[in-house]
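# Observations on chain architecture
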Amino acid sequence: MSKIDMLAVDTIRVLSAEAIQKANSGHPGLPIGSAPMAYTLWAKHMKHNPANPDWDNRDRFILSAGHGSMLLYSLLHMFGYGLPMDDIKNFRQWDSKTPGHPEYGHTVGVEATSGPLGQGIAMAVGMAMAEAHLAAVFNKPGYNVVDHYTYALTGDGCLQEGVSGEASSLAGTLGLGKLILLYDKNDITIEGKIDVTFDEDVKKRYKAYGWQVLEVEDGNTDLKAISDAIEEAKGEKNKPSLIIVKTCIAYGCPAKQGSESSHGSPLGQENIDAMKKQLGWPYDEAFVVPDEVKKNIDELKAVFAEEEKQWDTLYAKYAKEYPELDKQYKEYMKPVDAKLFDDAAYWEFEDKPVATRQSSGEVLNKLAAKVPNLMGGSADLAPANNSLMKDREFFSKENRLGTNIHFGIREFAMSAVSNGMSLHGGIMPYCATFLVFSDYMKGGIRMSALMKQPVTYVLTHDSIGVGEDGPTHEPIEHLAAMRATPGVYMWRPADSRETAAAYCHAMTTKAPNTIALSRQPLPQQPGSGKDALKGAYILKDTDGTPDVILMATGSEVELCVQAADELAKKGMKARVVSMPCVDLFEEQGDDYKKSVLPCDVTARVVVEAATSFGWAKYAGCKGEYVTIDHYGASAPAGTLFEKFGFTVDNVVKKAEAAVKK
């Protein structure tokens, strides 16, 4: 490697330290220590074009150790991704493009929001899976139109998080040879040296996962060794690769290198000055990118642009020779066409009681016939979740064409991997488990929301209707938790048509949708259907102003319908409101919301086999509740519903009590 390369590395080190110092906040240790491997990757190996950051066939890079965000921002600035020096100077400040952790959609060139440790590795696994599948679908001899690598940079912290282990195990099993993980092994976390918490042999662990493992002894200055390791990793086509790069945190800063004090706090100006002296940095002023570094990167950018130009030429020939595949490729890269849901057959179901998990399976397979890039699976619960696409094969090491996925019992990794597939582009991902196990994947669901990714979460066994499995498997607080998460649409459909509405919204909205589905059969509700896309609607009404409003979701909607009939026999007028997606109802205009829940009708009853938390807004001060604010029990579902008050008689009593208030 040349002197100019080392000068570029030191530019990243100094620029990162200075931005963190100016902000008086941040993590300088990792950017300084990882600068050699990151620069070597971006300059010598990674296929990317700063002039077109969204080029389909670019290599993907995720900074899984997102706390080292100034490393990424320095790279984006230096390589010409349109991140100006003013934003570097405004690191972690209001309205800058350089937030404390990288944010997808906020800063050009950031492939994924990262920072919650370990998830970046799992998202990289998802991206590599997407690349492998799309390559199998579209590549033809002489036309590798989908042909790129996924890189992630991690530290010791990510590898301690369980999600990274889950995902790495899956990646090894699937033989994702175009996934390369760079491990900044500096043996330091916030609390100090890792020998008291993390003394395992990572090399042996990853070999056991089925990875190729390479090592670089000097990651501080030996850029050639780093480059050779990356080249060797790219040569292994049947296994993902881990490159263990041994570094010194805050390398070059005499008072701070090797110390945990450099992990999450500014170095201090005196220490930055000392680092500049030790590195031989020739500039006194701050925030300098040397002219020779700029010139060198400009030359590299010309090479990068030429790579995309060559791909464009290749793709043009491909499109001419394979016009149908060209058309299909372009369809894959676009959002699902909403016109798909104008088909009346999509909304048609047999008029018989059926569990909404079965309705979900039926809808999923209707979609599978129309959306070829639908790809997903379950955390080992496909028969229970009804999440299998029946006419599709399974994605595996031997069969990249498959679109059903065996995720294994890895809920957290499943959610993060699904995020990675979505971020890659060309895939519409879904994943499935029991609603109660959504706790395991909450971090991934939250990241779906932060990144506005249309991942569909199929969450079955949605209440005490689970029955004999008992309280460990009976969700109570989970619906409320999802509704409390910004940017997530929580659905709980009452029948097949409402389930169809949930999938319609999930397929056409730039956001995650979680769909809670029943184990037990539910009747088809007359009048249900597309109105569910308003989040809540009048399912059953009465003449004139109602005396009481009964509102419910899922399996409890039928209780309200029956209770309304019983109340009518007593001379009371009841309106039944189905509320399959409270989040979506909140987005409707005030006029519509008041037409469904008139302000002057204060007698209201909320019926949901889950916690009452969050329902007060709709129940009002005179409202009554048929809910469950404690854990369930082990018994047949019918017994539990009766014992815990989910009966027509109890709903009627609550309605009468609300009217009398």
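Refer to the structure presented above.
What you see is a predicted model; the values in this text were computed from it and never measured.

### Topic: the environment of E393
Assignment of secondary structure puts E393 in the loop between helix 14 (382-385) and strand 10 (404-406). Once the C-alpha coordinates of E393 and I405 are considered, the two residues, 12 residues apart in sequence, prove to be 8.8 Å apart. One polar contact links E393 to N399, side chain to side chain, over a distance of 2.9 Å.

### Focus on the nonpolar core
Residues M129, F138, L176 and L242 are the most contacted members of the largest nonpolar core, which totals 75 residues. In terms of residue count, helix 5 (residues 119-138) provides more of this core than any other element does, 14 residues in total. In contact with F138, other than residues within four places in its own chain, are V145, V146, Y318, L325, Q328, Y329 and Y332. Judged by nonpolar contacts, the second largest core, of 65 residues, contains L340, W347, A532 and A655.

### Overview of the packing of helix 2 (residues 29-45) against helix 11 (residues 291-321)
Two numbers describe how helix 2 lies on helix 11: the axes approach to 9 Å, and their chain directions differ by 50°. Relative to helix 11, helix 2 is oriented oblique. Every residue of helix 11 that contacts helix 2 at Y39, W42 and A43 is listed here: N296, L300 and F304. Residue composition of the contact of helix 2 with helix 11, by class: five nonpolar, one polar and no charged.

### Comments concerning the sheet that holds strand 20 (residues 624-626)
What holds strands together in a sheet is hydrogen bonding between their backbones, with the strands either parallel or antiparallel. Strand order in the open sheet formed by five strands is 16-18-17-19-20, and the pairing between neighbours is mixed. The two strands at the open ends of the sheet, each matched to only one other strand, are strand 16 (537-540) and strand 20. In this sheet, adjacent strand axes meet at a mean angle of 30° when their direction is disregarded. Sheet topology note: the strand 19 (residues 604-607)/strand 20 ladder contains three bridges and is parallel. What sits directly across from V606, in strand 20, is Y625. Its contacts with the sheet put helix 19 (residues 556-569) on strand 16, strand 17 (548-552), strand 18 (574-578) and strand 19, and the angle it makes with strand 17 is roughly 160°. Its contacts with the sheet place helix 24 (residues 648-660) against strand 17, strand 19 and strand 20, and it is angled at close to 170° to strand 20.

### Focus: empty space enclosed by the protein
Here the structure, examined in full by the defined rule, presents two cavities of 30 Å³ or more. Its volume calculated, the largest cavity comes out at about 80 Å³. Lining the largest cavity, in full, are W42, M46, H48, P53, R58, D59, F61, L76, Y81, G109 and E111. Forming the boundary of the second largest cavity are F61, I62, L63, L72, P102, G109, V110, E111 and A112. The leading source of residues in the lining of the second largest cavity is strand 1 (residues 60-63), at three residues.

Procedures and definitions
- Just so you know, the residues in each chain are numbered from 1, in the order the chain's sequence is written.
- Residues qualify for local features only when their pLDDT is at least 70, as the model is predicted, and side-chain atom pairs are given and counted only at 80 or more; totals for whole chains, interfaces and linings, by contrast, use all residues.
- Here the side-chain values reflect all heavy atoms present in the structure, with hydrogen atoms and water set aside.
- Under the scheme used here, helices are H or I runs from DSSP no shorter than 4 residues and strands are E runs no shorter than 2 residues, and both carry numbers assigned from the N terminus.
- Polar contact is defined as a pair of N or O atoms within 3.5 Å, subject to the rule that within protein one atom must be able to donate a hydrogen and the other to accept it, and that residues adjacent in sequence are counted only when both atoms are side-chain atoms.
- What is meant by a nonpolar core is a set of buried Ala, Val, Leu, Ile, Met, Phe, Trp, Tyr and Cys residues, joined one to another through side-chain atoms within 4.5 Å.
- Residue exposure (1.4 Å probe, protein chains only): buried if accessible area is under 20% of the type maximum, exposed if over 50%, otherwise partly exposed.
- Between two residues, a contact is recorded if the distance between any of their heavy atoms is within 4.5 Å.
- To obtain an axis, a line is fitted to C-alpha atoms, over the contacting stretch when the element is a helix, and the angle between two such axes runs from 0 to 180 degrees between their N-to-C directions.
- Angle categories: roughly parallel below 35 degrees, roughly antiparallel above 145, roughly perpendicular from 65 to 115, and oblique for all the rest.
- Ten residues, namely Ala, Val, Leu, Ile, Met, Phe, Trp, Tyr, Cys and Pro, are considered nonpolar, four, namely Asp, Glu, Lys and Arg, are considered charged, and the remaining ones, Gly among them, are considered polar.
- The rule for pairing is simple: two strands pair if DSSP sees at least two bridges between them.
- Buriedness of a pocket was judged along seven lines, with at least five required to meet protein on both sides within 12 Å; pockets are open sets of points on a 1 Å grid over the protein atoms alone, cavities are sets where a 1.4 Å probe fits but cannot get out, and lining residues have an atom within 4 Å of a point.
- Grid points are joined across faces, edges and corners, and a volume is the space filled by probe spheres set on the points.

Geometric descriptors of this kind do not, in isolation, establish any biological role.
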